[in-house]
Amino acid sequence: MKLSLGERIFNGFNIGFMLFICLTIVFPFVQQAVISISPPNESSTIGLHLFTSNPTFDAYKQIFATGALLESYYWTILRTVLGTLLTVVVSAMLAYPLSKRYLLGRKWWMGLIIFTMFFGGGLIPTYLLVKELHMLNTIWSLVIPGLCSAYTIVIIRNFFTSLPVEVEESAYIDGANDFSIFFTIVLPLSTPIIATVTLWSMVGQWNSWFDAMIYISNGEIKVLQIILRDVLNNAQDAALANVMGIENVDMSGQRYTAESVKAAILLVTTIPIILVYPFLQKYFVKGIMIGAVKG
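Please read all numbers here as calculations on a predicted model, not as lab measurements.

1. Quick word on the packing of helix 10 (residues 191-207) against helix 14 (residues 258-274)
Two numbers describe how helix 10 lies on helix 14: the axes approach to 10 Å, and their chain directions differ by 170 degrees. Looking at the two axes, helix 10 sits roughly antiparallel to helix 14. In this structure, helix 10 contributes Met202, Val203 and Trp206 to the contact, and helix 14 contributes Thr269, Pro272 and Ile273. Here the residues of the contact of helix 10 with helix 14 are counted per class, giving five nonpolar, one polar and no charged.

2. Notes on the side chain of Thr198
Of note, Thr198 is situated in helix 10. For Thr198, a relative accessible area of 17% translates into the label buried. Within the structure, the side chain of Thr198 is placed 2.6 Å from the backbone oxygen of Ile194, a separation counted as a polar contact. Sequence-distant contacts of Thr198, defined by excluding residues within four places in its chain, comprise Thr84 and Val88.

3. Notes on the nonpolar core
With 23 residues, the main nonpolar core has Tyr96, Ile156, Phe160, Ile181, Phe182, Val186 and Ile193 as its most contacted residues. Among the secondary structure elements, those contributing two or more residues to this core are helix 4 (68-98), helix 5 (106-118), helix 7 (150-161), helix 9 (178-189) and helix 10. Per-element accounting of this core gives the leading share, seven residues, to helix 7. Beyond its immediate chain neighbours, meaning those up to four positions away, Val186 contacts Tyr96, Phe160, Leu163, Glu168 and Ile181.

Criteria and cut-off values
- Residues numbered from 1 in each chain as written.
- Predicted model: local features only at pLDDT ≥ 70, side-chain atom pairs only at ≥ 80, totals over all residues.
- Heavy atoms only, no water.
- Axes fitted to C-alpha atoms, helices over the stretch in contact; angles between N-to-C directions.
- Helix = DSSP H or I, 4+ residues; strand = E, 2+ residues; numbered from the N terminus.
- Parallel < 35°, antiparallel > 145°, perpendicular 65-115°, else oblique.
- Contact = heavy atoms within 4.5 Å.
- Nonpolar A, V, L, I, M, F, W, Y, C, P; charged D, E, K, R; others polar.
- Buried < 20%, exposed > 50% of the residue type's maximum accessible area, 1.4 Å probe, protein only.
- Polar contact = N/O pair within 3.5 Å; in protein donor to acceptor, adjacent residues only side chain to side chain.
- Core = buried A, V, L, I, M, F, W, Y, C linked by side-chain atoms within 4.5 Å.

This is the structure we're talking about:
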């Protein structure tokens, strides 16, 4: 079908606008990637950095040489895996009974969960609770307090209500119980919403830093985002070297600058979680649409 002049103009405007949005997203990564591999005479200058004449990877060698970043990777990956797994399982198991109309007090339970979306205990009561549960300075203080959210439960519950009831009724007739139906039938049919919640949780756990700053005080557990925060707050070479344990050589022999080290750390803490998106993207839109509209 031939498009009218107005439709062609509108499509052209949309394409141009989307390309502009993509550039505004990609450009900062390109800028930081170039700075991270630029020699000191280029990375220390102010302005655009879209290419470098003499690439060097000394900044990356230095941030990985001390072992501090690798240790932070360990804690961040452990936190992300534990937090995501527990969040998905607990949220799904909470949402499943709430999707059943025959659940006693179903509206009351839903109202109680939605109430928490508007009112919370606050930072100090939450900290005191974590302290009384003896979770301070442990990995569980980063996982348990934010284990599941009301929004996630509602989204999963709405998706579950869209599943055909006949499938579960057939399983009941064959002698299956609620747990076997949930794990062998409901979860496999709920791949879109499970993948969506998994992506949400992984990104949230990976990027979170405030709870680590509040609940971890002994320095034994240091996630990547705390390292990144400390690095970005210490712009000078000497202070940055102290944070990362990097040998700060004099200017005559310097192979990297504070800016190149900061750019390198920014990339190595951001790229891993970005690489997860392509594997879950195909489920993301479907899970959001069904989970948000149904029910």
